[in-house]
Amino acid sequence: MFIVLASAAAALVLSSHGASCASLDVRTAANNSLFLKWRPSYHFMAPSGWMNDPVAPYYDENTRKYHLFYQHHPEHVKWGNISNSHAVSPNLIVWYDVPNPLVSTDPLKPLAIVTSWVNRNSPDSSLRYDRYGVFSGGAFPNDPSDFSKGFSVVYTSVQELPTGWSIPYKPNTETVSIAETTDRGTTWVKYAGNPVIPSPSDKWNLTGWRDPIPVLEAEEFRQALFPNDPQGTAYALMAGGIKPPHENPGSRLFLYRTLPGGKHLTNWEYAGNLVAGKINESWSPKWSGSFGSNFEMSGAFLLKDEDGKDHWCVSSSSQGDRTDPDPAKGTNWVWWGCGSLKPSADGGKNPSLDSSYLSLEMVGVPDFGEAYAYNTFLAPAYPPNSFKNKRRRILLAWSFEDFTFDPFSLGYQGVHVLPREAYIWSADVLDSAERATEKASWTATKNSDGSYRIKTLGQRPIAETHILRQTACGYWNFAVKAGGLAAGSGYTKLQTFESSSFHLTFTLTPPPLPSDAKASTWKNGVVLRRSPTTSEQTVVYYDAARESVLVDRSASTLLTDFVRTTESAPLRLWTLKSTGSRQPLEFTVFADNSIIEIYVNDVLTLTTRVYPLADDAFEVGAWMSGGDARFLKFDAFDLAGVQAFPERKKDTSLPLVWDGGEVAGLWDGY
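Residues numbered from 1 in each chain as written. Predicted model: local features only at pLDDT ≥ 70, side-chain atom pairs only at ≥ 80, totals over all residues. Heavy atoms only, no water.

Student: Any chance you could explain the sheet that holds strand β36 (residues 619-626) here in plain terms?
Tutor: Pairing between the strands of a sheet comes from backbone hydrogen bonds, and it takes one of two forms, parallel or antiparallel. The 6 strands lie next to each other as β27-β36-β29-β30-β31-β32, forming an open sheet whose pairing is antiparallel. Across the chains shown, the open sheet's two edge strands, defined by having one partner strand only, are β27 (490-496) and β32 (567-570). When the angles between neighbouring strand axes are averaged without regard to direction, this sheet yields 15 degrees. In terms of strand pairing, strand β29 (residues 523-530) meets strand β30 (residues 538-543) through 6 bridges, oriented antiparallel. Directly across from Lys523, in β30, lies its bridge partner Asp543. (Pairing = 2+ DSSP bridges. Helix = DSSP H or I, 4+ residues; strand = E, 2+ residues; numbered from the N terminus. Axes fitted to C-alpha atoms, helices over the stretch in contact; angles between N-to-C directions.)

Student: Would you mind going over the sheet that holds strand β26 (residues 474-477) with me for this structure?
Tutor: Pairing in this open sheet of 6 strands is antiparallel, and the strands run β26-β37-β28-β33-β34-β35 from one edge to the other. Strands at the two margins of the open sheet, each flanked by one partner only, are β26 and β35 (604-609). In this sheet, neighbouring strand axes are inclined to one another by 10 degrees on average, regardless of whether the strands run parallel or antiparallel.

Student: Please clarify how the pattern of salt bridges should be interpreted in this entry.
Tutor: Per the counting criterion, the structure on display carries 49 salt bridges. Close ionic contact of Asp561 with Arg27 constitutes a salt bridge, the shortest N to O distance being 2.8 Å. A residue pair is termed long-range when its members are at least 10 positions apart, and Asp561 in the loop between β31 (548-552) and β32 and Arg27 in the loop between β1 (2-3) and β2 (49-60) qualify at 534 residues. Accessibility expressed as a relative area gives 16% for Asp561, which makes it buried. Between Glu567 and Arg553 there is a salt bridge, with the nearest N and O atoms lying 3.5 Å from each other. In this pair, Glu567 sits in strand β32 while Arg553 sits in the loop between β31 and β32, placing the two residues 14 residues apart along the sequence. For the pair shown, Glu567 and Arg553 are each scored as buried. One salt-bridge network, in which partners are shared between bridges, spans Lys286, Asp431, Arg435, Glu438, Glu547 and Arg572. (Salt bridge = Lys/Arg side-chain N within 4 Å of Asp/Glu carboxyl O. Buried < 20%, exposed > 50% of the residue type's maximum accessible area, 1.4 Å probe, protein only.)

Student: Help me understand the side chain of Ser157, please; the structure alone is not making it clear to me.
Tutor: Its location among the elements puts Ser157 in strand β8 (residues 151-158). A relative accessible area of 0% places Ser157 in the buried class. Here Thr175 takes part through its side chain, which lies 2.6 Å from a polar atom of the side chain of Ser157. A polar atom in the side chain of Ser157 sits 2.8 Å from the side chain of Ser177. If we skip the residues at most four places from it in the chain, Ser157 touches Tyr129, Asp130, Gly133, Thr173, Glu174, Thr175, Val176, Ser177 and Pro195. (Polar contact = N/O pair within 3.5 Å; in protein donor to acceptor, adjacent residues only side chain to side chain. Contact = heavy atoms within 4.5 Å.)

So, to be careful, I would describe these as geometric facts and stop short of saying anything about function.
Here it is in structure tokens:
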């Protein structure tokens, strides 16, 4: 390998306040010289290098630890020969690196399941089935009815590259393989009989076929869909799609199940599709994104609402049908869908590529911003005694960077969002039939009194985020100051934090209906990451006329290599039967240097990325642009110094390398 050397010609001048008051050329700055400038601290990240999807999350009931693997390319800043690294946590907030002693003893390279790159040219296919990548997958229980018996990692083994939904699919590009542990998750060994599911590429004209994710509610799934399957059957989704000339091309969630006999998780068969989408099909262009031409990172899970109804849901990523001014998003969407299962007439014995066992009733977007590749798992209730014998469904996702250069100067790319809990939100509302029954990301059932019962998939920060508040170095209640601001008063400074890491919760009075003439001027929210030196700032607000939460990043940085487009996410506010009033806007914001996560009413989630040039962009304030609005509450927590990985040193950068010409056509090599 060869060292990548970048020029150190960057001109960076600091004022006495630590703000950048000259220019900064991020393209020519020396390798790793900006490693800490925009790097988050209390979010899950690789020590350095490229990272992307969360992989195989699970909770070990015996050790009471959470495990999380992730796609990692150490010593490189771009995607390439991907392996899986590994960390554990007692609470999903504080993490510790766990390298597999069989493949790494370096805590800065916490690799756990690595590619067979060294055997890439072996004539023995059993040695090179994952030579070009250990891609994403899930943690499958060794006994679907007893999670205390541990988990195995089932992953996508990649033998051929390149692969992509819009190019021809090479035969045997992707197969499914297993890694096992006998010491509660420290050491991981690949199963000698890998791969356990061969590629179907000789039968199907694929766009992709990867990311095995388990159905953890396996027994409920069996009873609902395949009641004649043996108890203990495991089920998995494989994401991908079918190209023309197939009669009904489009994205697919392929369903697989284990067969009796042999070692568990090693004998599988195709049983149909959970979802079969048409090319670029959309449930609702405004509320639901698009199914595109190929699915990735897709899982199925069961949620029960407060009425006792079961909702079978999927979380998925799609490729091929997004037009967005932000180039980092590409053509990709993330989407979720919930509905009911339709029992298979023949038990899945004669599966069709066009079958669809899940009857969708609502489809939405879990995050309209910089979040992709959701993975999900079951975690115990928290606090432990709050719901006896109940588990929560936790969502994880990768947040990609938002710039247009090769970040040698940063020395890394990618971060994971804070874990989120999925649940079914419901309320009785007094809105009109036109507003309630729109085909969108909710269902509406008319009550006997004429009101509507609205249900949708909600997301909220996991309860364990209280740990962040408990470790805050400062707390302020601005309810009085913010609540007394006049409508249309513009920007009012509330606090300057010690760093770019902080947490806010605030509530705004309900805006008017979009049809109300007053809605045209109702735009209110907050200003984040404001610099008094450069006036860089990011504005987060609700636009009543557009019925959307917006993030105005036009002034978020002076650097033109970073994307500054405005993010937008639709959010309908309901007139609640319980109060007779419209919902207020309840915001929760987690800012951690370049990543900002925004939750509204525990339904909408939007992740955005900002990269101020100034080193003093620590100011926040109220933004009262127009319309009759008032803050009902406003709490602020300074999270300076809070670390997700407390045992890591501050600078965990590694020298960057180039893989040489041998990888041309496979990946960029750096």
